[in-house]
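Survey of secondary and tertiary structure
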Amino acid sequence: MKKKLDALDLRENALLSIRFLENSINVKRNYMPYFRINFRMTPPRFEHVVHFDDPENIARWYYGFTCAQMVSGTRKGERLRRGLEREIARRLAGPYGFMYTSNQTARFCPDIKEPYTWLWGDRSALQAWVLEYMRATDAKARGRYAKWIRNMVGGLQEFSVRIGKYVLFPAYKPRLSYKKPPRWKLPKDAEGILKDMQSFDQGKAEHLQQHLMPPSDSFGGMIFPLVQWYEASGDKRALDLAVGISNSVVDFYTASDNKLNPVGCMSNNHGTLNSMAGVLAAARHVPNRRHVSWARMLFEFYRSRCGSSFGWVMENESVDPQRPLERPSCEGCAAIDFVSVGIELAKAGFLECWDIVERSARNYLTKAQPKRIGPISLKGVALNLTGEDRRYDHVPPELYDDRDIARRAVGCMAGWGAPNDVLDPRGKGAMCVQNCCSSHLPFGLYRLWEHIAVMKEGGLYVNLLLNHAGRWCDVRDYQPGEGRVDIKMKTSAVLYVRMPEWVENDKVRVKVGNAGVACAWDESKRYVALGKLGRGAKVTVTYPLRRWKVKELLGGTVYTTDWIGDTVVGINPPGRFIPVFG
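Below: a short report on this structure. (Residues numbered from 1 in each chain as written. Predicted model: local features only at pLDDT ≥ 70, side-chain atom pairs only at ≥ 80, totals over all residues. Heavy atoms only, no water.)

1. Remarks on the overall build of the chain
- Of the regular secondary structure elements, the chain holds 19 helices and 22 strands.
- By the burial criterion, 61% of the 582 residues in the chain qualify as buried.
- Contacts spanning at least 24 positions in sequence make up 71% of the contacts within the chain whose residues lie at least 6 apart. (Helix = DSSP H or I, 4+ residues; strand = E, 2+ residues; numbered from the N terminus. Buried < 20%, exposed > 50% of the residue type's maximum accessible area, 1.4 Å probe, protein only. Contact = heavy atoms within 4.5 Å.)

2. Structural notes on the nonpolar core
- Within the largest apolar cluster, 167 residues are counted, with the highest numbers of intra-cluster contacts made by Leu-226, Ile-487 and Leu-495.
- Those residues in contact with Leu-495, other than ones at most four positions away along the chain, are Leu-460, Val-462, Ile-487, Met-489, Val-528, Ala-529, Leu-530, Gly-531, Leu-533 and Val-539.
- If you look at the next biggest cluster of nonpolar residues, it comprises 11 residues, including Val-49, Val-50, Val-395 and Cys-436. (Core = buried A, V, L, I, M, F, W, Y, C linked by side-chain atoms within 4.5 Å.)

3. Considerations on the state of the cysteines
- One pass over the full model with this rule turns up zero disulfides.
- The closest cysteine sulfur to the non-disulfide-bonded Cys-412 is located on Cys-437, 9.8 Å from its own sulfur. (Disulfide = S-S within 2.5 Å.)

4. Observations concerning the environment of Val-381
- With respect to the helices and strands, Val-381 occurs in the loop between α16 (364-367) and α17 (387-392).
- Look at Val-381 and you get buried, because its relative accessible area is 17%.
- In this structure, the C-alpha to C-alpha distance between Val-381 and Arg-426, residues 45 residues apart in sequence, is 9.4 Å.
- Setting aside residues up to four positions removed in sequence, Val-381 forms contacts with Pro-425, Arg-576 and Phe-577.

5. Concerning the sheet that holds strand β13 (residues 484-489)
- On the basis of which strands lie adjacent, the open sheet formed by six strands has the order β11-β12-β13-β19-β15-β16 and antiparallel pairing. Pairing within the sheet leaves two strands with one partner each, and these edge strands are β11 (468-469) and β16 (515-517).
- Alignment of strand β12 (residues 473-477) against β13, held across five bridges, turns out to be antiparallel. When the sheet's bridge partners are listed, Asp-477 is paired in β13 with Val-485. (Pairing = 2+ DSSP bridges.)

6. Digging into the pairing of strand β10 (residues 459-462)
- Judged from the four bridges that link them, strand β9 (residues 453-456) and β10 form a sheet pairing that is antiparallel. Bridge pairing links Lys-456 to Gly-459 in β10.
- With antiparallel pairing between neighbouring strands as the criterion, β9 and β10 make up a hairpin whose turn holds two residues, including Gly-458 at a positive phi of roughly 105°.
- Pairing of β10 with strand β14 (residues 493-498) involves three bridges; the strand directions are parallel. For Val-462, the partnering residue across the bridge sits in β14 and is Val-497.

7. A look at empty space enclosed by the protein
- Under the defined criterion, the tally for this structure stands at two cavities of 30 Å³ or more.
- Lining the second largest cavity we find Tyr-63, Arg-123, Gln-127, Phe-224, Asn-274, Ala-277, Asp-337, Ser-340, His-440 and Phe-443.
- Elements represented by at least two residues in the lining of the second largest cavity include exactly α5 (119-135), α12 (269-285), α14 (332-347) and α19 (436-451).
- Taken together, the residues of the lining of the second largest cavity sort by class into four nonpolar, four polar and two charged. (1 Å grid on protein atoms, 1.4 Å probe; cavity = no way out; pocket = protein on both sides within 12 Å on 5 of 7 lines; lining within 4 Å. Points joined across faces, edges and corners; volume = space filled by probe spheres on them. Nonpolar A, V, L, I, M, F, W, Y, C, P; charged D, E, K, R; others polar.)

8. Regarding the side chain of Gln-127
- Within the element layout of this structure, Gln-127 appears in helix α5.
- Residue Gln-127 is classed as buried on the basis of its relative accessible area of 2%.
- Once residues lying within four places of it in the same chain are set aside, the contact partners of Gln-127 are Tyr-63, Phe-224, Pro-225, Gln-228 and Phe-443.

9. Let's talk about the pattern of salt bridges
- One pass over the structure, following the stated rule, counts 43 salt bridges.
- In this structure, Glu-231 and Arg-284 form a salt bridge, with 2.6 Å as the shortest nitrogen-oxygen distance. One end of the pair, Glu-231, is in helix α10 (residues 223-233); the other, Arg-284, is in helix α12, and 53 residues separate them in sequence.
- Residue classification places Glu-231 among the partly exposed residues on the basis of a relative accessible area of 40%.
- According to the relative accessible area criterion, Arg-284 is partly exposed, its value standing at 36%.
- Its salt-bridge partner being Arg-303, residue Glu-300 comes within 2.5 Å of it at the nearest N-O pair. Note that Glu-300 and Arg-303 are positioned in helix α13 (residues 289-306) at a spacing of three residues, about one turn of the helix.
- Of the residues examined, Glu-300 reaches a relative accessible area of 29% and is grouped as partly exposed.
- Via salt bridges that share partners, Arg-75, Glu-78, Arg-81, Arg-82, Glu-85, Glu-132, Arg-135 and Arg-144 belong to a single interconnected network. (Salt bridge = Lys/Arg side-chain N within 4 Å of Asp/Glu carboxyl O.)

10. Overview of unusual backbone geometry
- Omega for the peptide link from Gln-479 to Pro-480 comes to 0°, which places this bond in the cis form.
- When you line up the elements, Pro-480 lands in the loop between β12 and β13.
- Cis geometry is found at the peptide bond from Asn-572 to Pro-573, where omega equals 0°.
- By the secondary structure assignment, Pro-573 is in the segment after β22 (567-572).
- Despite not being glycine, Met-431 shows a phi value in the positive range, around 70°.
- Among the structural elements, Met-431 can be located in the loop between α18 (405-408) and β8 (432-434).

11. Here we look at the sheet that holds strand β18 (residues 527-533)
- What the five strands build is an open sheet, ordered β9-β10-β14-β18-β17; its pairing is mixed. Looking at which strands have only one partner, the edges of the open sheet turn out to be β9 and β17 (520-521).
- Across two bridges, β17 lies against β18 in antiparallel orientation. If you follow Ala-520 over to β18, its bridge partner there is Ala-529.

12. Quick word on the environment of Tyr-364
- By secondary structure assignment, the location of Tyr-364 is in helix α16.
- Here Tyr-364 falls in the buried class, since its relative accessible area comes to 0%.
- Separated by 203 residues in the primary sequence, Tyr-364 and Thr-567 have C-alpha atoms spaced 9.9 Å apart.

13. Thoughts on the environment of Met-134
- Turning to its location among the elements, Met-134 is positioned in helix α5.
- Accessibility expressed as a relative area gives 38% for Met-134, which makes it partly exposed.
- Measuring from C-alpha to C-alpha, the distance between Met-134 and Tyr-145 comes to 9.5 Å, with 11 residues separating the pair along the chain.

14. Things to note about α19
- With 16 residues, α19 ought to run about 22 Å at 1.5 Å a step, and its terminal C-alpha atoms sit 24 Å apart, in line with that.
- For α19, the tally of buried residues reaches 15 of 16 residues, placing the bulk of the element in the interior. (Expected span 1.5 Å × (residues − 1).)

So, to be careful, I would describe these as geometric facts and stop short of saying anything about function.
Here you go:
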């Protein structure tokens, strides 16, 4: 009997995410989430890795709930979302809007003497508040979020270092408390050193690194929520910061040239891609062709050198020299941000990126989220463990929870995943999942959901052929079972429906109601143009599905994927532990 091939529905993934987020919070430890799931232990267990859990992941779970609720159209998980909000509010200290660690962090991290803030964690809080402000209807709630956001924007202004067109931030060695503006001065030749950074004079760049943070891994993620806040409120301070940080991110990126710049290097793909999405968003408001071209070039580099045809994206651009035996694995956050960058590029006019986004969405992004987890055997499995891995295996009992993990881990996302499996015994973490990816997944779902159907000047554009219930129309997708999409109009508008790049235009058929109509195309020849349709009109577009195979070398292994349309229906070799394409 043939297996039924169900069409993707992002709402189901969002509900799975809520289930996981609910099951992975340690409410007794001030709502601190568990950073990872360790499947090499018997029994498997949730584990705290305190310096990652606190403070950033509290804010990640917070916006994870928000995004999953917006996609699913429910308020499931609301009690815990409110608890996280209260915990974040408790950690705000002083007038600058930053979020600080708790005393528990100092207890388990003896090198930390006082509470500190981390700008990458503050990015998560800012993203959460902006999303909550955008969806809130209650004036009191909007006022609360607006106050927090304005305080953080003011804090970023207060602590930023401006050199010409660049916005940078002081280095933390040790981590600054960020409770008072730092009393230090840049070297007198700072502007000259910045020029040397761009010409790859590594010695002089190292000198400046003593003073400034690397843009992407530390604060490049601020750009996107700053732009969102500007769009929602008109706060020009936010746009000014976003543009200045964008200049720093673009001009100090060198890692893909193999010219390692210790100040500007973005070796972590999550940091790079998250920053890239922000750079493109800022360029919509302060046009910068060079920034857009840079992002398009780098996106292609990640697609061809660090990614796959189906959305698996390596955590780093190259193997960590300190972990030479480690096989490249996928950080789910990088796969999510890859999709976010693709969306921004498509909005900038690179329409071919919609195809890349849809293939990623239909495959690794959503299929690396398990709906069930069975027994896992490590018999005969060689684990690639480092000294750090072994230390984490011996954390105190109060920092882990091994109760019913196979059930509670359902809905997570691959954190150090192989192309065919959520777990990888030879990758980083060796049979572990880093849960920051699981909490970031709803943000990727939200980004997709918001761009399936978009009303623009000139008409309603269906950009992604995915199931959707939206303000302007409902979309019903039939892939991979059938090459068909149904659209029900909820407003009167000119309708455009994008077709996959592999579809031959003369094979497309269109019905409005029960009547066939001539198939017209827009100027790009990518969208079927249907003219103005009234509210309640029903449209059916059909097209032949392509069946094909792809061979790729990923992480040292050749994988062959079987495709129907834009959906992977099989992979060889298959996954063994928690298969992605089961």
